[in-house]
Amino acid sequence: MGILENKDDIKGLVDNLNFKEKVERALALIKEAYKKYGDSLVVANSVGKDSVCVWDLAKKVSPKIRGFIVTTRFKPKETIKFMKKIVAQYPELKIYKSDAKIPDKLYETDPDKCCDILKVEPTRRAIEEMRVKCWITGLRCTEGRTRTDFKEVEERDKGLIKLNPILIWKEREVWQYLALNGVKINPLYAEGYRSLGCEPCTHITPDEDERAGRWIGTSKCGGECGIHTRPLKNIDGDGI
Ligand code: SF4
């Protein structure tokens, strides 16, 4: 049985594997998935710290692995600048964005709908256009209240495998990997952000929860944009 079929206890892995073992496990997961899915394996790179970590791991497995970035009109200018630098270095990263007309301040009145239009729809488009059979994400189970029940290998949408190779990593281990491997990060982290998203929905907070600064003051607080929870394939209509 390969590592993609493992039934290991996630909580046990989070607490019992050391940093080196977690790095080796992540590389093994990506390596096996690349062997199985080849060019239809793609990294979703939000250019946040977890994504640049996973991107670096994937590049160690094969420089040929492709990726996509979903960006929005509301991303901070620092993030856009950082994203452009990464894409200049890695042209195999394709940018997806929605130019749909949306009501003013939809992020305040209906943030779920705003994320659906600006983030989920371009993700679906990326998966379709890039003919993705397996996508790799930087999701981690210790990141916040909504991220505790994911698996390293999932098939939430039929025919689309999601691989979460750093699911068991703690925040400290991500920073450890980035520092040890000299991976460049968005300069906004130096200001105190721990989780980065669109400007109106991202704040600096002293809260323990890593994602507590996301969507403060809405029902979505500390939650998800929807790319990990909404269907991404086989949608009737626009799925919104
Ligand atoms: S994070 Fe905020 S601004 Fe960005 S798409 Fe979601 S609701 Fe809209």
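Everything below is about the structure printed above this text.
Residues numbered from 1 in each chain as written. Predicted model: local features only at pLDDT ≥ 70, side-chain atom pairs only at ≥ 80, totals over all residues. Heavy atoms only, no water.

**Q** Account for the site of the ligand, with residues named and values stated.
**A** Taken together, Phe74, Tyr107, Pro111, Cys114, Cys115, Leu118, Lys119, Cys198, Cys201 and Trp215 form the complete shell of residues around the ligand. For the shell around the ligand, the leading source of residues is helix H6 (residues 111-129), giving five residues. Its residues placed into classes, the shell around the ligand shows nine nonpolar, no polar and one charged. (Near = heavy atom within 4 Å. Helix = DSSP H or I, 4+ residues; strand = E, 2+ residues; numbered from the N terminus. Nonpolar A, V, L, I, M, F, W, Y, C, P; charged D, E, K, R; others polar.)

**Q** Report on the pattern of salt bridges, specifying residues and quantitative values.
**A** This model, assessed by the stated rule, comprises 20 salt bridges. In this structure, the salt-bridge partner of Asp50 is Lys49, at a minimum N-O distance of 3.4 Å. The two residues Asp50 and Lys49 agree in class, both being buried. Look at the salt bridges and you will find they share partners, linking Lys49, Asp50, Arg140 and Glu210 into a network. (Salt bridge = Lys/Arg side-chain N within 4 Å of Asp/Glu carboxyl O. Buried < 20%, exposed > 50% of the residue type's maximum accessible area, 1.4 Å probe, protein only.)

**Q** Explain helix H3 (residues 49-61) residue by residue, including any values.
**A** Between its first and last C-alpha, H3 extends 19 Å over 13 residues, near the 18 Å set by a 1.5 Å rise per residue. Taking burial as the measure, the 13 residues of H3 include 11 buried ones, the bulk of the element. (Expected span 1.5 Å × (residues − 1).)

**Q** How would you sum up unusual backbone geometry? Please name residues and give values.
**A** Although it is not a glycine, Val47 adopts a positive phi angle of roughly 65°. Following the sequence through the fold, Val47 ends up in the loop between strand S1 (41-44) and H3. In this structure Val47 comes out as buried when scored by relative accessible area, which is 3%. Phi is positive for Arg131, which is not a glycine, with a value near 55°. Tracing the backbone through its elements, the reader meets Arg131 in the loop between H6 and strand S4 (134-136). We classify Arg131 as exposed; its relative accessible area is 68%.

**Q** Lay out the sheet that holds strand S5 (residues 153-157) with the relevant residues and their values.
**A** Spatial ordering of the open sheet is given by S3-S2-S1-S4-S6-S5, a layout of six strands whose pairing is mixed. Two strands in the sheet have a free side with no partner beyond their single neighbour: strand S3 (93-96) and S5. The average undirected angle you get between the axes of adjacent strands in this sheet is 30°. Judged from the three bridges that link them, S1 and strand S2 (residues 66-70) form a sheet pairing that is parallel. Note that in S2 the partner of Val42 across the bridge is Arg66. Sheet strands in contact with helix H2 (residues 19-37) are S1, S4, S5 and strand S6 (160-163), and its direction is about 160° off that of S6. Strand contacts of H6: S2, S3, S4 and S6, with the helix running at about 160° to S2, the strand carrying the most contacts. (Pairing = 2+ DSSP bridges. Axes fitted to C-alpha atoms, helices over the stretch in contact; angles between N-to-C directions. Contact = heavy atoms within 4.5 Å.)

**Q** Go over the environment of Arg140, please, and point to the residues and values.
**A** Mapped onto the fold, Arg140 is located in the loop between S4 and S5. For Arg140, a relative accessible area of 0% puts it in the buried group. A sequence separation of 28 residues divides Arg140 from Ile168, and the C-alpha atoms of the two residues are 6.1 Å apart. Apart from residues lying up to four places away in sequence, Arg140 is in contact with Lys49, Asp50, Arg147, Ile166, Leu167, Trp169, Lys170, Glu171, Val174 and Glu210. There is a polar contact of 2.9 Å between the side chain of Arg140 and the side chain of Asp50. (Polar contact = N/O pair within 3.5 Å; in protein donor to acceptor, adjacent residues only side chain to side chain.)

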